[in-house]
Amino acid sequence: IQYERPEYSKSSNKFIDDFKSGINYLKNDPALMKLYLFLAVYGAIGIPSSEIMRMLFQSTPGLGVVLYGVASSVEMASRVIFGSLYYKKGLQKNKRIKISAAVHLLYAPTTLIAFMLGYPVYLIQGFVMRGLGQITYTMRSACVAKYLKPEMKGRAYSVSTLLTSLISIPVTILVGFIAEGMPLMYMLVAVTILETMVVYFMFVKNMKLFNPIYMMDIDVNDKSDDEIE
């Protein structure tokens, strides 16, 4: 077997050209571009939301860091359990986009309501919603990976990562600045409302546009369109 040494470009122009091609690829695919934009905005809001929840646990009598750690452990166990169930069962193609929309819409509001109702309810909500969130994340990642052209995967992911960072930084700073003069609970309510509006206007309103991405063959038990009821 003869080894051939790969040729690598020593110029930064190669990276710039690849990045530009990734941008052009997304610009020519509105569904993928809007999905990446939604994920960037949704993730940017989720970062300060998690921090606010952590601070609420630290500042609320009867809760504290230990109970927050227990809740985080329950959520991690949920992700493992639900992820394993999805790996074995999968989801029918025609149900993926609807389940994803429902999970995105319910995720933040139910977290807020559960926290208000008390710690036991928060644990149950965390176990269910984090598990469902893991399913939607795994399924979406697999669908996007299958949908992307093989030669464009790295380029599209690099653009997506940069987009997420560019949006996350100012959003986190802004939320932190506002939280300095607002009670944490009010801030959590405001962030929850904003997150729900983002899901509705950027995901739910574009479900038909995103549907071809979510219809990709990714599961062992995928059925053809004729077999799906």
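Computed from a predicted structure; not experimentally measured. (Residues numbered from 1 in each chain as written. Predicted model: local features only at pLDDT ≥ 70, side-chain atom pairs only at ≥ 80, totals over all residues. Heavy atoms only, no water.)

Draft legend 1. The arrangement of the overall build of the protein in detail. Broken down by element type, the protein carries 8 helices and 0 strands. Ordered by position in the sequence, the α and β elements of the protein form the string α-α-α-α-α-α-α-α. Here the protein holds 229 residues, and 35% of them are scored as buried. A sequence separation of at least 24 residues applies to 83% of the contacts in the protein between residues at least 6 apart. With the model as given, the accessible surface of the protein reaches about 13700 Å², and the carbon-plus-sulfur share is 66%. (Helix = DSSP H or I, 4+ residues; strand = E, 2+ residues; numbered from the N terminus. Buried < 20%, exposed > 50% of the residue type's maximum accessible area, 1.4 Å probe, protein only. Contact = heavy atoms within 4.5 Å. Areas by Shrake-Rupley, 256 points an atom, 1.4 Å probe, with all protein chains shown as cover.)

Draft legend 2. Representation of the confidence of the model for the protein in the model. Across the protein, pLDDT averages 83, with 89% of residues at or above 70. Note on residues 223-229: pLDDT under 50 across the span, and 9 contacts to partners over four residues away in sequence or across chains. (pLDDT = per-residue confidence, 0-100.)

Draft legend 3. Fine view of helix α7 (residues 184-202). The first and last C-alpha atoms of α7 sit 26 Å apart over 19 residues, in line with the 27 Å expected at 1.5 Å per residue. Inspection of α7 places Met187, Leu188, Val191, Thr192, Glu195, Val198 and Val199 among the buried residues, and these make up the whole buried set. Considered in projection along α7, the buried side chains sweep an arc of 135° and stay on one side of the axis. Of the exposed residues in α7, those oriented more than 90 degrees away from the buried face are Tyr186 and Phe201. The inward-facing, buried residues of α7 contact α2 (30-59), α4 (93-117) and α6 (153-179). (Expected span 1.5 Å × (residues − 1). Arc of directions from axis to C-beta.)

Draft legend 4. How the structure looks around the side chain of Glu75. Here Glu75 lies in helix α3 (residues 65-89). On the basis of relative accessible area, Glu75 is assigned to the buried category, the value being 11%. Beyond its immediate chain neighbours, meaning those up to four positions away, Glu75 contacts Tyr122, Gly126 and Arg130.

Draft legend 5. Spotlight on the packing of α4 against helix α5 (residues 119-147). Contact geometry of α4 with α5 gives a least axis separation of 9 Å together with a crossing angle of 155°. Judged by the inter-axis angle, α4 sits roughly antiparallel to α5. The hand of the α4/α5 crossing is left-handed. Facing Arg96, Ile99, Ser100, Val103, His104, Leu106, Tyr107, Thr110, Thr111, Ala114, Phe115 and Leu117 of α4, the residues of α5 in contact are Val121, Tyr122, Gln125, Met129, Arg130, Leu132, Gly133, Thr136, Met139, Arg140 and Cys143. For the contact of α4 with α5, the class distribution of residues is 13 nonpolar, 7 polar and 3 charged. (Axes fitted to C-alpha atoms, helices over the stretch in contact; angles between N-to-C directions. Parallel < 35°, antiparallel > 145°, perpendicular 65-115°, else oblique. Left-handed = near helix turned anticlockwise from the far one by under 90°. Nonpolar A, V, L, I, M, F, W, Y, C, P; charged D, E, K, R; others polar.)

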